[in-house]
Amino acid sequence: MFGIKIKSMRTKSLKKNKINVITLGCSKNTYDSEVLMGQLKANGKDVAHEEKGNIVVINTCGFIDNAKEESVNTILEYVDKKDQGLVDKVFVTGCLSERYRPDLEKEIPDVDQYFGTTELPLLLKALGADYKHELLGERLTTTPKNYAYLKIAEGCDRPCSFCAIPLMRGKHVSQPIEKLVKEAEGLAKKGVKELILIAQDLTYYGLDLYKKRNLAELLENLVKVEGIEWIRLHYAFPSGFPMDVLDVMKREPKICNYIDIPLQHISDAILKSMKRGTTKEKTTKLLQEFRERVPGMAIRTTLIVGYPGETQEDFEILRDWVQEMKFERLGCFTYSHEENTGAFALEDDVPHEVKQARAAEIMDLQSQISWDLNQEKIGQTFKCVIDRKEGQYFIGRTEFDSPDVDNEVLVDASKYYLKTGDFVNLKVTDATEFDLYAEPI
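The text that follows walks through the structure, step by step, so that each part is easy to find. (Residues numbered from 1 in each chain as written. Predicted model: local features only at pLDDT ≥ 70, side-chain atom pairs only at ≥ 80, totals over all residues. Heavy atoms only, no water.)

## With respect to the sheet that holds strand S17 (residues 423-431)
Under the convention used in this document: Between any two strands, pairing holds if DSSP finds at least two bridges. Here a helix means four or more residues in a row that DSSP labels H or I, a strand means two or more in a row labelled E, and each is numbered from the N terminus. Think of each axis as a best-fit line through the C-alpha atoms, taken over the contacting stretch in the case of a helix, with angles from 0 to 180 degrees between the N-to-C directions.
The five strands lie next to each other as S14-S15-S16-S18-S17, forming a closed barrel whose pairing is mixed. Between one strand axis and the next, the sheet turns through 55 degrees on average, direction left out of account. Looking at chain direction, strand S15 (residues 393-398) and strand S16 (residues 408-412) are connected through four bridges and run antiparallel. In the strand pairing of S16, Phe394 is matched with Val411.

## Describing unusual backbone geometry
The condition is simple: Buried residues are those whose accessible area, probed at 1.4 Å on protein chains only, stays under 20% of the maximum for their type, while exposed residues exceed 50% and partly exposed ones sit between those limits.
Residues other than glycine seldom take positive phi values, yet Gln264 does so here, at roughly 70 degrees. Mapped onto the secondary structure, Gln264 falls in the loop between strand S11 (255-260) and helix H10 (268-274). Judged by relative accessible area, Gln264 falls into the buried class, the value being 11%. One non-glycine residue with positive phi stands out, namely Asp404, at about 75 degrees. With respect to the helices and strands, the residue Asp404 is situated in the loop between S15 and S16. The exposed category is assigned to Asp404, whose relative accessible area is 68%.

## Here we look at the pattern of salt bridges
Cut-off, in case you're wondering: We count a salt bridge whenever a side-chain nitrogen from Lys or Arg sits within 4 Å of a carboxyl oxygen from Asp or Glu.
Taken as a whole and assessed by the stated rule, the structure comprises 37 salt bridges. Put simply, Lys193 and Asp422 hold a salt bridge, and the shortest N to O gap is 3.9 Å. With Lys193 in the loop between helix H6 (177-189) and strand S9 (194-198) and Asp422 in the loop between S16 and S17, this pair connects stretches of sequence that are 229 residues apart. Its relative accessible area of 22% is what places Lys193 among the partly exposed residues. Residue class for Asp422 comes out partly exposed when judged on its relative accessible area of 28%. Arg319 is the partner of Asp320 in a salt bridge, and the nearest nitrogen-oxygen pair spans 3.5 Å. Judged by its relative accessible area of 45%, Asp320 is partly exposed. What makes Arg319 partly exposed here is its relative accessible area of 23%. Through salt bridges with shared partners, a single network forms among Asp65, Lys68, Arg99, Glu338 and Glu339.

## So, the sheet that holds strand S10 (residues 230-234)
Let me state the cut-off plainly: Two residues qualify as a contact provided that any one of their heavy atoms is within 4.5 Å of a heavy atom in the partner residue.
On the basis of which strands lie adjacent, the open sheet formed by six strands has the order S6-S9-S10-S11-S12-S13 and parallel pairing. Each edge of the open sheet is held by one strand with a lone partner, namely strand S6 (147-151) and strand S13 (329-334). Taken pair by pair, the neighbouring strands of this sheet meet at an average axis angle of 15 degrees, ignoring direction. Seen against the sheet, helix H8 (residues 215-222) touches S6, S9, S10 and S11 and runs at an angle of roughly 160 degrees to S9.

## Considerations on the pairing of strand S12 (residues 298-305)
Counting buried residues along S12, eight of its eight residues qualify, which places the element largely inside the surrounding structure. The alternating pattern of S12 places Ala298, Arg300, Thr302 and Ile304 and Ile299, Thr301, Leu303 and Val305 on opposite faces, both of which are buried. As defined by bridge partners, S11 adjoins S12 across three bridges and the pair is classed as parallel. Among the inter-strand pairings, Asp260 is bridged to a residue of S12, identified as Arg300. One ladder, built from six bridges, connects S12 with S13; its direction is parallel. Bridge pairing in S13 places Ile304 opposite Phe333.

## Observations regarding helix H2 (residues 65-83)
Rules: Any helix carries an expected span of 1.5 Å times its number of residues minus one.
Compared with an ideal rise of 1.5 Å per residue, which puts 19 residues at 27 Å, H2 spans 27 Å between its outermost C-alpha atoms and is within 8% of the ideal. Here H2 has its buried residues at Ala67, Lys68, Ser71, Val72, Thr74, Ile75, Tyr78, Val79, Lys82 and Asp83. In this structure, the buried residues of H2 make contact with strand S1 (19-23), strand S3 (55-60), strand S4 (89-94), helix H3 (95-107) and strand S5 (113-114). A positive phi of about 80 degrees marks Gly85, the residue just after H2.

Right, dumping it as structure tokens:
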């Protein structure tokens, strides 16, 4: 399937084993790598994240074409290093491995072993370690010390036609509230101040365990954890969103007035084909209610252009809607035709160049919206967390910004000294479409 041919050669080194874990893909993979590393450390193993090591574990992504390509290239790079004797063993885990294991085993046989997304105990065994059940939520975090991801559920029960995640991650399984609170307490003890709640679908949380959508109750428990100052919500789903979450968000200062809600499209014809279970009217009403009930809330979304059958008219409906809604944050992807998904039976009929042009048009539009919204922030003061120092700037974020994907706040390090991990009040002095410049007050 991947059209790869590998030569084989084996060498062995005598040095002490060090395990290098390499993470590709999304924050859910970051979390899984951290759990793996926590288990290895508890077993007395020497383990590092994306450093040198003679044993390599690659946690792959298999979501869309670009991600699959990056994963395959990374596997090939380390198989080549193994051929040269620079590493001794290469193990592959994660979504690509879950989805394409037979193809990968055939085409890249020099990998020592492939593992799926639910085979952590087997992977640990291959690395000479035991799975320790008592390590409830303990992990080696790879993010800056002030924030960490908290995975509240795994898998997805939604039938979206374009998405392969249920094939790679299985059905939705929520984690119990007590377990998540314990994990949050452990993170707070290590100095984590911001929890970023992640799942394939936050909206569904609790349905399997508590027979109701229970995100609000989880949040009410997490805000009680001492040391946690911000709680951020990532990856909600628009249909069936539990509106009591908004009441908790408004009432509890620890919950950031921020939500990441991937909407994918807005043309009714495309939403129907995508099996999103909603309409343009319902989605617009939902977002209006978000803004009415939590004034000043930042809404982040992601969109897909070039889905099979997307006409110029469908695209224009989407484009005009983006202009009207003025999202605080927005990302746009081109459609990727994925095997074994519902949409794979449809003809991938939007030419590549058209997909690219449509994505660029949406991002140009969003760039202008972001510029306008950021200009309004000049002169305002925001509580910010300082994530790191880079070059001549300390880099922070407001509560309306998630790490890696959103705006950053830059403070001149030659004039001011700030401590990473601290919360400070910053006054915005200038702004571009994606960055704010500020000084402490």
